[in-house]
Amino acid sequence: MSDRKAITPPHLYRNNDKAVGVGNAFWDMSERNGLAGIVAELQDGVLRTGVGHEFVNFTCCSYLDLDSHPKVIDGAIAALRRFGVLDHCIPRSRVQIPALLELEASLGELFGATVVSAISAGVASAGLLPLIASGHLGNGIRPLMVFDKNCHVSLAGAKPTCADETEVVTCGHHDLGFLEDMCKQYQRVCYVVDGSDSLGGYAPVQELGALQEKYGMLVYYDDSHSISAYGERGIGYVRSHGPVLDERTITVATLNKAFGTSGAAILLDGYQKTTLRVIERFAGALCYSQPMNTAAVGASLASAEIHRTEELPALQQRMRDNIELFDTHIKTEQTGTTYPIRVVPMTDETVIESGRRVYEAGFYVSPVFFPIVARGTAGLRVMLRAGHTDEQIRRLCAVLIEVGAQQAAPLPEEAPLLEETAMPEEAAR
Ligand SMILES: *Cc1c(COP(=O)(O)O)cnc(C)c1O
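Residues numbered from 1 in each chain as written. Predicted model: local features only at pLDDT ≥ 70, side-chain atom pairs only at ≥ 80, totals over all residues. Heavy atoms only, no water.

A. Representation of the site of the ligand. In the vicinity of the ligand, the contacting residues are Ser120, Ala121, Gly122, His152, Ser154, Asp194, Asp222, Ser224, His225, Thr254 and Lys257. For the ligand, an oxygen atom lies 3.3 Å from a polar atom in the side chain of histidine 225. With respect to the ligand, the side chain of lysine 257 contributes an N or O atom lying 2.5 Å from an oxygen atom. Alone, the ligand offers 390 Å² of accessible surface; in the complex the protein occludes 82% of this. (Near = heavy atom within 4 Å. Polar contact = N/O pair within 3.5 Å; in protein donor to acceptor, adjacent residues only side chain to side chain. Areas by Shrake-Rupley, 256 points an atom, 1.4 Å probe, with all protein chains shown as cover.)

Dropping the structure here:
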């Protein structure tokens, strides 16, 4: 027994001892205080638990509320009836029903790109990043893979698989100097970064575009947080402002947030059919038996149709109005940004208790605190959606102020007038 080997983990790119050790305490504490592990039924935008507690969710990423749009629900059902099967289980590279192709053509037209679908953004990245690392999605040269320090966990999770194909490094957040240095040293570099950060702020697409032009750098963007919520036809931040839209830019985006359905879109430009085949055959779970199922495809076709109408800009505007309304009441570091997430600062000691009081008052906001975020940056995370009513937002803000949120500075002189003239329209909503 004693001469059997114990393993010393290399922990080069991941460490579950640390992740579980740190994260689980956070979750246990949240659950003990009734702020995690909640089960509730959703009806008309209000959640109700088994013991009859009602609350409005302010931590849901369906920013435009398309997930419960009647046309999206009908689209899912119609596609099931039309194709007559939920998922014809076989890799699509062998045999597929036309559902995915129809969806990819629709999304391709909508976003002006070649679109490949996946069951989730996480699955897309886990499949694509190692192919980029080995040079098979690109020009054949293995790039140095540079992961932004703050990139989403679904991107960082691909580091070990990428590291078996090429060299992997992590850089500071948006560290353009480091990237240029690497571009000077290496034949090719691929930078992996979120298009829109989880707490506001966007990737420096112009500056990255300059490095792409000068050095042929590849950029892998995850624009999950801004697709649908931002830009014409919901094209997202990267494709609205990115200057390089060719094979040097690859963008992945979930369809599960503002797009309101399920699945993900990989947005490509300038790739040959042969490369698309390589993706279909070798990009990890993209080539296993499970693609987006027919209900998800039908829902997505319906959401894409909504994106083509005037309803989309109206929903985007409604979301922005709600963000602004929140900002007129509560001051956060995100005040004034177009991004739908706010963190209302609290102390590590008070944040759970505050979250509980807000929940009891009928609103779910998620507490984040040490050890999940750095000491001194605890807060209640609030996500605004198009579907929230002015009254819900005003009431939430009043409760937040009661539990210690900082009130926004009074508006400048002419602002009350503006608010007055806005009143009749607001009342009509
Ligand atoms: C939410 C999110 C994801 C997860 O998307 P799935 O489709 O659920 O895998 C990935 N990346 C970013 C940046 C996200 O915000």
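B. Fine view of the state of the cysteines. Counted by the stated rule, this structure contains zero disulfides. The cysteine cysteine 190 is free of any disulfide, with cysteine 162 supplying the nearest cysteine sulfur at 8.2 Å. (Disulfide = S-S within 2.5 Å.)

C. Region of interest: the UniProt feature "domain: Aminotransferase class I/classII large" (unreviewed entry) in the chain. Residues annotated in UniProt with the feature "domain: Aminotransferase class I/classII large" (unreviewed entry) correspond here to residues 202-400. Secondary structure across residues 202-400 comprises 41% helix and 16% strand; the distance between its end C-alpha atoms is 27 Å. (UniProt positions renumbered as here; feature names shortened; annotations may be inferred. Helix = DSSP H or I, 4+ residues; strand = E, 2+ residues; numbered from the N terminus.)

D. The sheet that holds strand E1 (residues 40-43), seen in detail. Spatially, the four strands line up as an open sheet ordered E1-E2-E3-E12, and their pairing is mixed. Edge positions in the sheet fall to E1 and strand E12 (363-364), since each has one partner strand and no second. Bridge count for E1 against strand E2 (residues 46-49) is four bridges, and the pairing is antiparallel. Bridge assignment links alanine 40 to a residue of E2, and that residue is threonine 49. (Pairing = 2+ DSSP bridges.)

E. Inspection of the pairing of strand E10 (residues 264-268) at higher detail. Burial runs high along E10: five of the five residues are buried. As paired strands, strand E4 (residues 114-118) and E10 are joined by five bridges and run antiparallel to one another. Across the sheet, threonine 114 pairs through a bridge with leucine 268, a residue of E10. Pairing of strand E9 (residues 249-254) with E10, which is carried by four bridges, proceeds in the antiparallel orientation. Paired with threonine 254 across the bridge in E10 is alanine 264. (Buried < 20%, exposed > 50% of the residue type's maximum accessible area, 1.4 Å probe, protein only.)

F. Local environment of the pairing of strand E14 (residues 379-383). With four of five residues buried, E14 is to be regarded as a mostly interior element. Examined bridge by bridge, strand E11 (residues 341-345) and E14 share five bridges and lie antiparallel to one another. Across the sheet, the residue bridging to isoleucine 341 is methionine 383, located in E14. Judged from the three bridges that link them, strand E13 (residues 366-368) and E14 form a sheet pairing that is antiparallel. Bridge pairing links serine 366 to arginine 381 in E14.

G. Inspection of the environment of serine 289 at higher detail. Along the chain, serine 289 turns up in the loop between helix H10 (273-282) and helix H11 (294-307). What makes serine 289 partly exposed here is its relative accessible area of 28%. As for serine 289 and proline 91, which are separated by 198 residues in sequence, their C-alpha atoms are 4.4 Å apart.

H. The pattern of salt bridges, seen in detail. Taken as a whole and assessed by the stated rule, the structure comprises 17 salt bridges. Ionic pairing is found between arginine 142 and glutamate 165, a salt bridge with its closest N-O pair at 3.7 Å. In this pair, arginine 142 is assigned in the loop between helix H4 (121-133) and strand E5 (144-148) and glutamate 165 in the loop between helix H6 (159-163) and strand E6 (168-171), connecting sequence segments 23 residues apart. Judged by relative accessible area, which is 45%, arginine 142 ranks as partly exposed. If you follow the salt bridges from partner to partner, you end up with Glu109, Arg233, Glu305 and Arg308 in one network. (Salt bridge = Lys/Arg side-chain N within 4 Å of Asp/Glu carboxyl O.)

I. Main features of the packing of helix H12 (residues 311-329) against helix H14 (residues 390-402). The N-to-C vectors of H12 and H14 enclose an angle of 30°; their axes lie 10 Å apart at closest approach. Between H12 and H14, the angle falls in the class roughly parallel. Between H12 and H14 lies a crossing of right-handed hand. Contacts from Arg318, Asn322, Leu325, Phe326 and His329 of H12 reach H14 at Asp390, Ile393, Arg394, Leu396, Cys397, Leu400 and Ile401. Residue composition of the contact of H12 with H14, grouped by class: seven nonpolar, two polar and three charged. (Axes fitted to C-alpha atoms, helices over the stretch in contact; angles between N-to-C directions. Parallel < 35°, antiparallel > 145°, perpendicular 65-115°, else oblique. Left-handed = near helix turned anticlockwise from the far one by under 90°. Contact = heavy atoms within 4.5 Å. Nonpolar A, V, L, I, M, F, W, Y, C, P; charged D, E, K, R; others polar.)

J. Highlighting the domain arrangement of the chain. Splitting the chain by domain gives domain 1 (16-52 + 311-420) and domain 2 (69-307). For domain 1 and domain 2, the distance between their C-alpha centroids amounts to 29 Å. On the side of domain 2, 16 residues touch domain 1, which itself brings nine residues to the contact. Between domain 1 and domain 2, a total of about 1,100 Å² is buried, with carbon and sulfur atoms accounting for 57% of that surface. Where domain 1 packs against domain 2, one counts six residue pairs in polar contact (both at pLDDT 80 or more). Taken together, the elements giving at least two residues each to the side of domain 1 that touches domain 2 come down to H12 and E11. The greatest single-element share of the side of domain 1 that touches domain 2, amounting to four residues, is contributed by H12. Tallied by class, residues from the side of domain 1 that touches domain 2 come to five nonpolar, three polar and one charged. (Domains from an automatic or database assignment. Buried area = accessible area lost by both parts, 1.4 Å probe.)

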